[in-house]
Amino acid sequence: MTKVSTRHSPDIWRDEEWLKDFLAEQLIRGRLSLVLGAGVSMGIGLPSWDELLEALFKSTSLTRGKNQTNEIAAEEVLRNGFSGDRIKFAEAIRKALYEIVNSDPTSIDRSPLMGALGAMVMSSSRGKVSNVITFNFDNLLEEYLESRGFVVRSVDMLPSWSDYGDVTVLHPHGLLPRDFGVDLQRGVIFTQYDYANIIGQEKLLWRQRVSDIFRSNTCLFIGLSGTDMNLMSMIQPIKAEHSSMPDHFWGIRLAGPTDSLGSYWEDRGVVSHKVGSYADIPLLLLEICKRAAKLRAVG
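Parameters at a glance
- Sequence order sets the numbering: in each chain, residues are counted from 1 along the sequence as written.
- Residue-level local features of this predicted model are given only where pLDDT is at least 70; pairs of side-chain atoms are given and counted only at 80 or more, and the full residue set underlies all totals for whole chains, interfaces and linings.
- Excluded from the side-chain calculations are hydrogens and water; all other atoms, namely the structure's heavy atoms, are used.
- In this analysis, the protein atoms alone were mapped onto a 1 Å grid. Cavities are point sets where a 1.4 Å probe fits without being able to get out; pockets are open sets with protein on both sides within 12 Å along at least five of seven lines; lining residues have an atom within 4 Å of a point.
- Grid points are joined across faces, edges and corners, and a volume is the space filled by probe spheres set on the points.
- Secondary structure elements are defined from DSSP: runs of H or I of at least 4 residues count as helices, runs of E of at least 2 residues count as strands, and each element is numbered from the N terminus.
- Put simply, Ala, Val, Leu, Ile, Met, Phe, Trp, Tyr, Cys and Pro go in the nonpolar bin, Asp, Glu, Lys and Arg in the charged bin, and everything else, Gly too, in the polar bin.
- Two rings belonging to Phe, Tyr or Trp (six-membered ring only in the last case) form a pair when the distance between their centres is within 6.5 Å. Interplanar angles under 30 degrees mark stacking, angles over 60 mark edge-to-face geometry, and anything in between is tilted.
- Only Lys NZ and Arg CZ are tested; either one counts as a charge over a ring when it is within 6 Å of the ring centre and within 35 degrees of the ring normal.
- Two strands pair under a simple rule: DSSP has to find at least two bridges between them.
- The axes used here are C-alpha line fits, helices contributing only the stretch in contact, and every angle between their N-to-C directions lies in the interval 0 to 180 degrees.
- We call two residues contacting when some pair of their heavy atoms lies within 4.5 Å.
- What makes a nonpolar core is a set of buried Ala, Val, Leu, Ile, Met, Phe, Trp, Tyr and Cys residues whose side-chain atoms join them at distances within 4.5 Å.
- Here the term buried applies to any residue with accessible area under 20% of the maximum for its type, exposed to any over 50%, and partly exposed to those in between, with areas from a 1.4 Å probe on protein chains only.

1. Looking at the layout of surface pockets
Approximately 980 Å³ is the volume found for the largest pocket. As for the largest pocket, its lining consists of 43 residues, and the residues nearest its centre are Gly37, Ala38, Gly39, Met42 and Gly223. Every element with two or more residues in the lining of the largest pocket is listed here: helix H3 (38-43), helix H4 (49-60), helix H7 (112-121), strand E6 (251-255) and helix H13 (280-298). In terms of residues, the lining of the largest pocket owes the most to one element, H3, which gives 6 residues. Classifying every residue of the lining of the largest pocket gives 24 nonpolar, 13 polar and 6 charged.

Right, here's the structure in full:
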């Protein structure tokens, strides 16, 4: 008689102790990847999308229209505030993005979340995260790791050369380095037009690269609500294509205590694990690292 994997049961994925052990095992095997969203950037002191748009409207003396989505509002600023110049637009976003952090340069080093993310990707015999996909524009994680002697590859344009690195950080929506001496080579995915232009393009290099990582790893989603239509369109087919089939879920999303989108993600093969508060996320990540180290020592 064939033994049925306990992973087929949705209930087991909601058991926090089992989940920690499972993620620790995936970390040891090199099968764990991080997918980061706006909640992570906000968790380390960067502004929200609403706050970025508010700063852009203020800098251009434009007035935001009523009932505009963020994507449409961003497109209005690009068109009417920057005459469609995507590089100048991206430069303005970069200025607004780092204004708060740059006023307190030590805030990143003091961030529990940054420390926990760093622990996940730092090389260790208990395994490490080799791929990080971030839908944020900042490179603060890269700066944090480089300041500790790690070789980091930031990739924001494809195709790109293969190269050595302790960790690769992929920026499918664009990269705005905190170093203002670095000239920007491309704009960022920020407007309604941008999203409409990339959703559903199956041959798009970024879509292929990210989807390949999704299919072959257990993905841990942090700081993502599910409102990013480009991300969700990439996630949509993975449940039927993932290497773990026929396991019930291929990814885990850390969600806040009031989150109501769990079923939306679970229909796509990603279980939502609610934490008591966002402050609990760094503790959970560090616990996964510690359990992996313990399992590795015993093994």
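2. Some details on the packing of aromatic side chains
One pass over the full model with this rule turns up 14 aromatic pairs. Residues tryptophan 13 and tryptophan 18 carry aromatic rings whose centres are separated by 5.2 Å and whose planes lie at 70° to one another, so their mutual orientation is edge-to-face. Three or more aromatic residues joined by ring pairs make a cluster, and in this case those are Trp49, Phe82, Phe89, Phe137, Phe190 and Tyr195. Seen from the ring of phenylalanine 180, arginine 94 lies directly overhead, with NZ or CZ sitting 4.9 Å from the centre. In this structure, arginine 268 is placed above the aromatic ring of tyrosine 264, and the distance from its NZ or CZ to the ring centre is 4.1 Å.

3. Brief notes about the pairing of strand E2 (residues 131-134)
Both strand E1 (residues 32-36) and E2 contribute to a ladder of 3 bridges, which runs parallel. The residue bridging valine 35 from the neighbouring strand is isoleucine 133, located in E2. Sheet topology places E2 next to strand E4 (residues 167-170); 3 bridges connect them, and they run parallel. The residue bridging isoleucine 133 from the neighbouring strand is leucine 170, located in E4.

4. Considerations on the sheet that holds strand E7 (residues 270-274)
The pairing of strands in a sheet comes from backbone hydrogen bonds and takes either a parallel or an antiparallel form. Taken together, the 7 strands give an open sheet; going across it, the order is E3-E4-E2-E1-E5-E6-E7, and neighbouring strands pair in parallel fashion. Strands with a single pairing partner mark the edges of an open sheet, and in this sheet they are strand E3 (152-155) and E7. Mean inter-strand twist for the sheet, computed between neighbouring axes without regard to direction, equals 20°. With 4 bridges connecting them, E3 and E4 associate as parallel partners. Bridging across to E4, arginine 153 finds its partner in threonine 168. Together, E1, strand E5 (218-222), E6 and E7 form the strand contacts of helix H2 (residues 16-28), whose direction differs from that of E5 by roughly 120°.

5. Thoughts on the nonpolar core
Counting residues in hydrophobic clusters, the biggest one holds 66 residues, and the most contacted among them are Leu34, Phe190, Leu220, Ile222 and Leu285. Ranked by residues supplied to this core, first place goes to helix H6 (residues 86-102) with 8 residues. Excluding residues that lie within four positions of it along the chain, phenylalanine 190 makes contacts with Trp49, Leu52, Leu53, Leu56, Glu71, Ala74, Phe89, Ile93, Phe137 and Tyr195. Of all hydrophobic cores here, the second largest spans 20 residues; its members include Val155, Leu170, Phe214 and Leu231.

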